[in-house]
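# Summary of the model geometry
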Amino acid sequence: MAFLDYELLRLIWWTLLGVLLIGFAVTDGFDLGVAALLPFIARDDVERRIVINAIAPTWEGNQVWFILGGGAIFAAWPLVYAISFSGFYLAMFLVLAALILRPVAFKYRSKSNSPKWRGRWDWALFVSGLVPALVFGVAVGNVLQGAPFRVDDDLRATYVGGLLGLFTPFTLVCGLLSVAMLVLHGSAWLAVKVERGSVHYRARAFGTVAAVVSLLLFAVGWGFVAAGNGYAVQGSVDPLGPSNPTRMTTVIQQGAWLANYGRHPWMILAPVLGFGGTALALAGILVRREAAALVGSSVAACGIIATVGVSMFPFILPSSIDAHSSLTVWNASSSQATLGLMLGVTVVLLPIVLLYTAWVYRVMFGRVTTAQVVANVDLY
């Protein structure tokens, strides 16, 4: 990829990072949403098995998007990776601990017929869905308001925050929006994936509530962003310059996160998709068009995540205690050679991942029924 200049490579990798995060939200997002719904929409063991087997065939493949996202940050934005993964260490530990529960719960839940045994693993699945959904949203909120770190002249980063400091009114709104968004997505998936019966109708009921809550919280979050502080680059920017945050001057300004919509009006498409997709999902649930509801919840996830990205551009991780240490697309990337090499690998492997994913979903297409889970003891 030597024919691509440094500026274009940085923009491509910023876009790819967004694509990977959206891919994780759209695929593994409904797995998290379904797990978070498990104790509330399934009343007996057969119903719980129906819910679990709606996601059991694909959740492992869906989780690959999370790994790809982390790998992309490590390869393309090493300073962002170093600061965020070390600074948010305890939050990341909570996410990983919760995600570790998921395969263990899938593996061991059906090893015993004891209701207490299965009940404990069902709650473990609930935790594995709720905690990551909440923490991911809180993390995004902290990225928007800035993380407490600074970078010195030798590019040594110092993080001064703690776990409790991650939770503020705004970040909790972001966390609850993430939960509502993924519960909506999980509800839409269950409406498509399970037979029409008690689980199906309860999923639609929870999806209706989650859609309304998502719309309200997205609007509230937009209000927080409009009234709160954002970050802006002061002076000229060299898109071909070295990756050194100390060479760029950043200032904190009220409502700065909305400035991109004035400079680039096409970016308004992102929040429109967030609101519109959620409204489509709600309408699909209400008129019993399950496929439309799933498409709507997927579009909503794309729009909400894209809204964060385009609002912050070119920032990736701003600093709340030293604005000049803020990390952007232009000052925190890997070298041109590294970005070019990784792009070549991605161009080859990403289509394979997409084709394989499409094939798996085609093979696993169809509704999970009561008759199937009762007759087949090999199912979870």
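Rules of the game
Residues numbered from 1 in each chain as written. Predicted model: local features only at pLDDT ≥ 70, side-chain atom pairs only at ≥ 80, totals over all residues. Heavy atoms only, no water. Axes fitted to C-alpha atoms, helices over the stretch in contact; angles between N-to-C directions. Helix = DSSP H or I, 4+ residues; strand = E, 2+ residues; numbered from the N terminus. Parallel < 35°, antiparallel > 145°, perpendicular 65-115°, else oblique. Contact = heavy atoms within 4.5 Å. Nonpolar A, V, L, I, M, F, W, Y, C, P; charged D, E, K, R; others polar. 1 Å grid on protein atoms, 1.4 Å probe; cavity = no way out; pocket = protein on both sides within 12 Å on 5 of 7 lines; lining within 4 Å. Points joined across faces, edges and corners; volume = space filled by probe spheres on them.

Further remarks concern the packing of helix α4 (residues 64-76) against helix α13 (residues 336-363). In contact at an axis separation of 11 Å, α4 and α13 are set at 170 degrees when each is read in the N-to-C sense. As summarised for this structure, α4 and α13 are arranged roughly antiparallel, according to the angle between their axes. Each of Trp65, Ala75 and Ala76 in α4 lies in contact with α13, whose residues at this interface are Thr338, Leu339, Met342, Leu350, Val353 and Leu354. By residue class, the composition of the contact of α4 with α13 is eight nonpolar, one polar and no charged.

Residues Phe313 and Pro314 are joined by a peptide bond in cis, for which omega reads 10 degrees. Here Pro314 is to be found in the loop between α12 (290-312) and β5 (315-317). With a phi angle near 60 degrees, Leu155 is a residue other than glycine that sits in the positive phi range. Looking at where Leu155 falls in the secondary structure, it is placed in the loop between β1 (149-151) and β2 (157-159). Phi angles above zero are rare outside glycine, and Arg288 is one such case at about 65 degrees. Tracing the sequence through the fold places Arg288 in the loop between α11 (269-286) and α12.

On to empty space enclosed by the protein, then. With the rule as written, the count across this model stands at two cavities of 30 Å³ or more. Residue lining of the largest cavity: Phe88, Ala91, Met92, Val95, Val135, Phe136, Val138, Ala139, Asn142 and Leu166, and that is the complete set. If you list the elements that add at least two residues to the lining of the largest cavity, you get α6 (89-108) and α7 (115-145). Ranked by residue count, the leading element in the lining of the largest cavity is α7, at five residues. Of the residues in the lining of the largest cavity, the class split is nine nonpolar, one polar and no charged.

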